[in-house]
Each structure stands twice: as structure tokens, then as C-alpha cells.
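Each chain is listed here by its residues.
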Amino acid sequence: ANDDGTLAVTEYSGEDLNVVIPSSINGMAVTSIADKALLGINATTLTIPASVTAIGSQAIAYAPNLESVTVEGMSVTFGSDAFVKDNKITRVSVRQGSTAETYFKDLGLSIEYIGPYLTSDSVSIKVNETVAIPVSNVSGNASYTSSDDSIAKVVDGKVFGVSDGTADITVSCPDGSVTFKVTVKGLKMSPEFGKVTVGYAKLFSLSVPEGDEDKVVWTSSDESIATVSDGLVTGVAVGNVNIFAEYAGKQYTAVASVIKNAVTLPSYNTNAKKYTKGCLGYS
């Protein structure tokens, strides 16, 4: 018994070759494996529960027949030579991102993951697009939660981009849970700043998915300066005006700078006896 009311494994005296350390004994949590507690154990498989957070020096060293090790905890400290390589270990099962994963990889051992694991810790998508969930080994009934459903959520087993921003998606199942980040690329106005001549029109656009162009609602902040219809901005008077495009409940903004008509008539060069070239190409 430890001072905090938990237990430490100090010895194994059984004959079972498939050893499973209990997570508790008589209602007391098993939290550690003492130094040399399982030194030279004859087992072929060993399972260490998530309750164990410390494995002592040479705790499981020189186990000549040990082939498979499972460490269920996320944060476990390992003493010096807790395991050594003079055994037959060919299979190590750990939680992704755990200290055990790092420890056994440093020993040069291949890793298998317990429960769900990420094939990528982040994904990027566009608004109204979907992408596969980057999680493998999901067992049983899984649930999906988003830190912000207004940005990204899971629909029909895929990540769906709702609006621009970032959100965390958590996948939970009986064997554990993992979380990955979703970045939804915001739509862009093109141009973000454009010049429009009085009496003329310029086309503005919002980068919505193909086929959704008619779902965009266009408005002008001041129709005395410029009007807009289906993205076509027409200059009315000199000045600056905001052009708004509303899509999927979110508003995007561009600026139209309306300038006066700069067309000038050509001048007559009396010396050369000909017209100089004006901005419209008169000669």
C-alpha cells in the first residue's frame, strides 16, 4: 500500500502466461509497478491497466518469453531499464500520443494502437464541402461532437464545413476518444477592392461551391453610389461603397470605389497638323 491509499505491484507469484495486472484490488487502485517487481517474469503476454502511472526500474526486465505488452494508460513514467531488449517482444499496444508510445518507439519496437487513433491531426475543407474523418480503429457505436457546430460538424460519417473558422471534432467510442482540428476555409470576395466607373459596371463574385451562385444575396451599403445585382456592381456617383454578399447565413464584404468617367477628347496639335492620340485611341 502507498501512502496515498493506492497500491503498488511488488511481486507476481502465479503461473499464468497471460498476465493481466488488475486496476484495483479490494477497492484500492493499482497505480504503480515497483522496481524489479516482475523481473524475469515467465509470462508471454502482459497487460498493464490505465490506472498504472509509474513503472519502476527493471520492473519487467529480463523476461525471456515476453512477446506482447499492452499499456493502457496515457501518462506513464518508466524507470531505467523498465524493459530491456533481451526478450521476444514483437507486439506492443498503446494509446496514440501516450508516453508509452514514445518509450517503446525509442526501444525500436513497432506499435499498435489501442482504440481509435488519428491518421491526421487536422484537416482543411471549404464551406459546404465534406472530407473523410481522419480516424481509424473506431469500434462499437461512435459519437461525434464539435466544439462549434456553426463552423464544422459530422454529417453522414463525414466532416462537413459550415462556415469559415476552426473547430475541434471529438470521436468517442467504447475504446477511447480522439480529437482532431478542422479548418474551414472562408469564402473570398473577388475583387476585395475594385474600381467602378460612373455609368459602367464591374462583376464581383463570391467563391461559393459550383451551382450555389444563385444562393448568394447581394446588397449595396449605398445605392446612391453604386447598385448591385447578381454581383454586377454599377457605378452611380463618385465615392466608396461596401458590397455585401450573404451566403449560408454569413455576410462577406468587398469595397467598390466609384470614380468619374475619365474619357477625354483628343487635343489638336497645330504644329504637327494632326490629332494626338487620346485615351480612346482617336487619331
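Above: the structure in question.
Read on for an overview of the structure.

The rules we used
Within any chain, residue numbers begin from 1 and follow the written order of that chain's sequence. Local features in a predicted model are, by the rule used here, given only for residues with pLDDT of at least 70; side-chain atom pairs are given and counted only at 80 or more, and totals for whole chains, interfaces and linings are based on all residues. To obtain the side-chain values, all non-hydrogen atoms of the structure were included, while hydrogens and water were left out. Residue types Ala, Val, Leu, Ile, Met, Phe, Trp, Tyr and Cys, when buried and joined through side-chain atoms within 4.5 Å, form a set referred to as a nonpolar core. Any residue under 20% of the maximum accessible area for its type is buried, any over 50% is exposed, and the rest in between are partly exposed; the area is computed with a 1.4 Å probe on protein chains only. Helix and strand definitions here come from DSSP, where helices need a minimum of 4 consecutive H or I residues and strands a minimum of 2 consecutive E residues; each element is numbered from the N-terminal end. Any pair of residues with heavy atoms lying within 4.5 Å of one another is described as a contacting pair. At least two bridges found by DSSP between two strands is the condition for calling them paired. Only the stretch in contact is used when a helix axis is fitted, and all axes are lines through C-alpha atoms; the angle between N-to-C directions ranges over 0 to 180 degrees. Think of a salt bridge as a Lys or Arg side-chain nitrogen and an Asp or Glu carboxyl oxygen that are within 4 Å of each other.

## With respect to the nonpolar core
Counting 36 residues, the largest nonpolar core has Phe180, Val182, Met189, Leu206, Trp218, Val233 and Ile243 as the members making the most contacts within it. Counting only elements with at least two residues in this core, the list comes to strand S12 (122–126), strand S18 (165–173), strand S19 (176–185), strand S25 (226–229), strand S27 (239–247) and strand S28 (250–259). Other than its neighbours up to four places away in sequence, Val182 contacts Val123, Ile125, Ala152, Val159, Gly165, Thr166, Ala167 and Ile169.

## Examining the sheet that holds S28
Taking strand neighbours across the sheet as the criterion, the four strands line up as S21-S28-S27-S24 in an open arrangement whose pairing is mixed. Strands with a single pairing partner mark the edges of an open sheet, and in this sheet they are strand S21 (193–197) and strand S24 (217–220). Averaged over all pairs of adjacent strands, the angle between strand axes in this sheet comes to 30°, irrespective of strand direction. The sheet contact formed by S24 and S27 spans four bridges and is antiparallel. Bridge pairing in S27 links Ser220 to Ile243.

## Brief notes about the pattern of salt bridges
For side chains bearing opposite charge, pairing can occur when the charged atoms are close. Applying the stated criterion across every chain yields a total of five salt bridges. With its nearest N and O atoms 3.0 Å apart, the salt bridge here joins Lys105 to Glu101. Residue Lys105 and its partner Glu101 are located together in helix H1 (residues 99–106), separated by four residues, close to a single helical turn. A residue is classified by how much of its surface remains accessible, and Lys105, at 46% relative accessible area, is partly exposed. Taking relative accessible area as the criterion, Glu101 reaches 9% and is therefore assigned buried. Residue Asp212 pairs with Lys215 through a salt bridge whose shortest N-O separation is 3.3 Å. Overall, the relative accessible area of 11% leaves Asp212 in the buried class.

## Quick notes on the environment of Ile151
In this fold, Ile151 is placed in the loop between strand S15 (143–146) and strand S16 (152–155). Ile151 sits in the buried class, given a relative accessible area of 10%. Here the alpha-carbon distance between Ile151 and Gly73, two residues 78 residues apart in the chain, equals 32 Å.

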